[in-house]
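Chain by chain, the residues:
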Amino acid sequence: MNPSSAGWIKKFITEIDQNELCMAYNEVSDLYFGLKSSGFIYGMSIVGIKPQPKTNIKLTVEENTKINLFHSLCFIYFKKFPKAQYSDCIISLVTFYQRMGKGQPGLLHKLSFSKNPSDTLEGIINARLHENNLTRNAEVTSLITYVLLFIDLLVFEDFLLGNEAIQGSFDRMEYYCIQACAWAIESKPRPNKYDHMFIEMLHQALKNPLKYDEPESQNLLKKVNKHSSLFKVFLIDICCLGVWDGRILQTEEANFLQNLEKAIGLNSGAAADGINDLDRFSEKYTQSVRLFEHSNPVKLIYNQSSAMVKTLILRNKNRLIQELAESGELLKLLTLSTIRDLNKKEKQKVKEQLLDICKTIPSLTLFLLPGGSLLLPIMVKLIPALLPSAFNDNAIKD
């Protein structure tokens, strides 16, 4: 299965038996710990949750995140409606995201998505993963969008229970998480320059950030206390992620986490469990999972974008080659770009014709989203290296 090509949801539902999916976990709380072990809760899905679809390619963090998000949403739906079918679940998910306003639904009708619900849902999930949260502060959300995806699952559960005010529910939980992240970093006795930078960015996103010890913060914590235990565990895990860097917690950090778990009504030890889970995850995958450390935001975003564009192009190269072959002028200009710089008029032609091609390939509609055209130079650079190869990773065999 190839989550970067069209048809991956149809492939998923042919490979993952509905009963097997439902029996993998007893409750949503069990699913949560499965998601934590996969890295989904930390914003970096290294692997898929069980049961896993078959694939002969090494999946990226983004691709594992797509699968884990869809997989988890299906589990929640079938826990509520065990006799329903995948088709019912997909229609419900499309309705949910359209009502919630996530996944840029205002843009979806402009993209060349099929009227088929599963194809539409693929577009929504793709847009959701590249969407800016809260105040649309791109620098902040490019790093934490994936972490906050678990809120989608909690709000979808509410939606299935008949809650119509789902956008408000999402916004509140998102706000609580980001404010708590700021408090967690501020608890550090010796924050480094990246901590200071990220605190400032979070404050800009929050507009009216609160200090942990002021009265209004206590009112906020009382509101958090009224939420489900699972959301409160998630909030603690996010705060653990903010202060964790593989060392022993400083007294100030440990005190903050202990005070927070008490203030929101969690049993003592929830924060310690969160830190221990992070330690185990780090040891297993031998990589840093510190959420807020980055040497240079612009460099990070560019590197992430380059890797993403390269993956999308390589996974869709057959379709791209076919489209390019039918566009003689564009192919000529791309060839010229490898031996000389294109002039302003030529660059504009390349941009317009590439965007037209992207409209016909669902996986490449990312380039049509706001800011997507900024990624086109990366695409132009990579296309000449493509080699013909006929395959369809999501073909469903009879």
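Values in this document were obtained by computation on a predicted structure and should not be read as measured data.

Draft legend 1. Structural view of the overall build of the protein chain. Summing up its helical and strand segments, the protein chain has 20 helices and 0 strands in all. Buried positions account for 52% of the 398 residues belonging to the protein chain. Here the analysis covers contacts within the protein chain between residues at least 6 apart in sequence; of these, 74% occur between residues at least 24 apart. With an accessible surface of roughly 18,800 Å², the protein chain has 52% of that area assigned to carbon and sulfur atoms.

Draft legend 2. Representation of the packing of helix 18 (residues 328-336) against helix 19 (residues 344-360). The geometry of helix 18 relative to helix 19 is characterised by a closest axis approach of 10 Å and an angle of 125° between their N-to-C directions. With respect to their mutual orientation, helix 18 and helix 19 come out oblique. The element helix 18 and its partner helix 19 pack so that their crossing is left-handed. Taking contact as the criterion, the partners of Glu329, Leu330, Leu333 and Leu334 in helix 18 are, on helix 19, Glu346, Lys349, Val350, Gln353, Leu354 and Ile357.

Draft legend 3. Inspection of the pattern of salt bridges at higher detail. Counted under the stated rule, the structure contains 11 salt bridges. Between Lys11 and Glu15 there is a salt bridge; the shortest N-O distance is 3.9 Å. On the criterion of helical spacing, the pair formed by Lys11 and Glu15 is a turn pair, its members being 4 residues apart in helix 1 (residues 8-15). The salt bridge partner of Asp277 is Lys36, with a shortest N-O separation of 2.8 Å. Of this pair, Asp277 sits in helix 15 (residues 270-285) while Lys36 sits in helix 3 (residues 28-38); the two residues are 241 residues apart in sequence, bridging distant segments of the chain. Looking at Lys36, the relative accessible area reads 6%, which means it is buried. Shared partners join several salt bridges into a network, and the residues in it are Lys36, Asp237, Asp277 and Arg280.

Draft legend 4. Looking closely at the nonpolar core. Judged by nonpolar contacts, the single largest core of 94 residues is most densely connected at Phe70 and Phe150. Ranked by residue count, the leading element in this core is helix 10 (residues 166-186), at 12 residues. Every residue in contact with Phe70, bar those within four places of it in the chain, is listed here: Trp8, Ile9, Phe12, Ile13, Ile90, Leu93, Leu121 and Ile125. Ranked by size, the runner-up nonpolar core spans 22 residues in total, among them Leu312, Leu324, Leu354 and Ile361.

Draft legend 5. Spotlight on the packing of aromatic side chains. A full pass over the atoms with the stated rule returns 18 aromatic pairs. With a centroid separation of 5.9 Å and 90° between ring planes, the pair formed by Tyr25 and Phe75 is classed as edge-to-face. Of the two residues, Tyr25 is situated in the loop between helix 2 (18-23) and helix 3 and Phe75 in helix 4 (residues 61-80); the sequence distance between them amounts to 50 residues. Classification of Phe75 by relative accessible area gives buried; the value is 1%.

Draft legend 6. Region of interest: the packing of helix 4 against helix 9 (residues 150-160). Orientation of helix 4 relative to helix 9, taken along the N-to-C sense of each, is 25°, at an axis distance of 10 Å. One finds that helix 4 runs roughly parallel with respect to helix 9. Crossing of helix 4 against helix 9: the hand is right-handed. Here Leu69, Ser72, Leu73, Ile76, Tyr77 and Lys80 of helix 4 lie close against helix 9, whose contacting residues are Asp152, Leu153, Phe156, Glu157 and Leu160. Here the contact of helix 4 with helix 9 is composed, by residue class, of 7 nonpolar, 1 polar and 3 charged.

Draft legend 7. Representation of helix 7 (residues 117-129) within the structure. Across its 13 residues, helix 7 extends 18 Å between first and last C-alpha, which sits within 8% of the 18 Å expected from 1.5 Å per residue. Judged by how many residues are buried, helix 7 sits mostly within the fold: 12 of 13 residues are covered. Those residues of helix 7 not exposed but buried are Ser118, Asp119, Thr120, Leu121, Glu122, Gly123, Ile124, Ile125, Asn126, Ala127, Arg128 and Leu129.

Draft legend 8. Layout of unusual backbone geometry. Of note, the amide linkage connecting Lys50 to Pro51 takes the cis form, showing an omega dihedral of -10°. By the element assignment, Pro51 lies in the loop between helix 3 and helix 4.

Draft legend 9. Highlighting the environment of Glu157. Mapping Glu157 onto the fold places it in helix 9. Sequence separation of Glu157 and Ile76 is 81 residues, and the distance between their C-alpha atoms is 6.5 Å. In this view, Glu157 contacts Val28 and Ile76; residues no more than four positions away in its chain are not counted.

Draft legend 10. Region of interest: the side chain of Asp277. For Asp277, a relative accessible area of 16% gives the class buried. Polar side-chain contacts of Asp277 include one of 2.8 Å to the side chain of Lys36. Not counting chain neighbours up to four residues away, the residues in contact with Asp277 comprise Lys36 and Tyr42.

Draft legend 11. Structural detail: the confidence of the model for the protein chain. Averaged over all residues, the pLDDT of the protein chain equals 81, while 80% of them reach at least 70. The weakest mean pLDDT in the protein chain belongs to helix 6 (residues 105-108) at 43; the strongest belongs to helix 9 at 96. Long-range and interchain partners of residues 387-393, a stretch whose pLDDT sits below 50, account for 15 contacts in this model, where long-range means more than four residues apart.

What counts and how
Position labels on residues start from 1 in each chain and follow its written sequence. Totals for whole chains, interfaces and linings use all residues, but because this is a predicted model, local features are given only for residues with pLDDT of at least 70 and pairs of side-chain atoms are given and counted only at 80 or more. Hydrogens are left out, water is left out, and the side-chain values use all remaining heavy atoms of the structure. Under the scheme used here, helices are H or I runs from DSSP no shorter than 4 residues and strands are E runs no shorter than 2 residues, and both carry numbers assigned from the N terminus. Relative accessibility decides the category of a residue: with a 1.4 Å probe and only protein chains considered, values under 20% of the type maximum give buried, values over 50% give exposed, and everything between is partly exposed. The contact criterion used is simple: two residues touch if any of their non-hydrogen atoms lie within 4.5 Å. Method for areas: the Shrake-Rupley scheme with a 1.4 Å probe, in which residue coverage is limited to the protein chains shown. The angle between two axes is taken between their N-to-C directions and runs from 0 to 180 degrees, where each axis is a line fitted to C-alpha atoms and a helix contributes only its stretch in contact. Roughly parallel covers angles under 35 degrees, roughly antiparallel covers those over 145, roughly perpendicular covers 65 to 115, and oblique covers all other angles. The crossing is said to be left-handed when, going from far helix to near helix, the turn is anticlockwise and less than a right angle, and right-handed when the turn is clockwise. Should a side-chain nitrogen of Lys or Arg be within 4 Å of a carboxyl oxygen of Asp or Glu, the pair is scored as a salt bridge. Here, nonpolar core refers to any group of buried Ala, Val, Leu, Ile, Met, Phe, Trp, Tyr and Cys residues whose side-chain atoms link them within 4.5 Å. The aromatic pairing rule takes the rings of Phe, Tyr and Trp, using the six-membered ring of Trp, and pairs them if the centres are within 6.5 Å, calling planes under 30 degrees apart stacked, those over 60 edge-to-face and the rest tilted. Note on residue classes: Ala, Val, Leu, Ile, Met, Phe, Trp, Tyr, Cys and Pro are nonpolar, Asp, Glu, Lys and Arg are charged, and everything else, Gly too, is polar. Given a helix with a known number of residues, its expected span is that number minus one, times 1.5 Å. Two N or O atoms count as a polar contact when they lie within 3.5 Å, although within protein this holds only if one can serve as hydrogen donor and the other as acceptor, and sequence-adjacent residues are included solely when both atoms are side-chain atoms. As a per-residue measure, pLDDT reflects the predictor's confidence and takes values from 0 up to 100.

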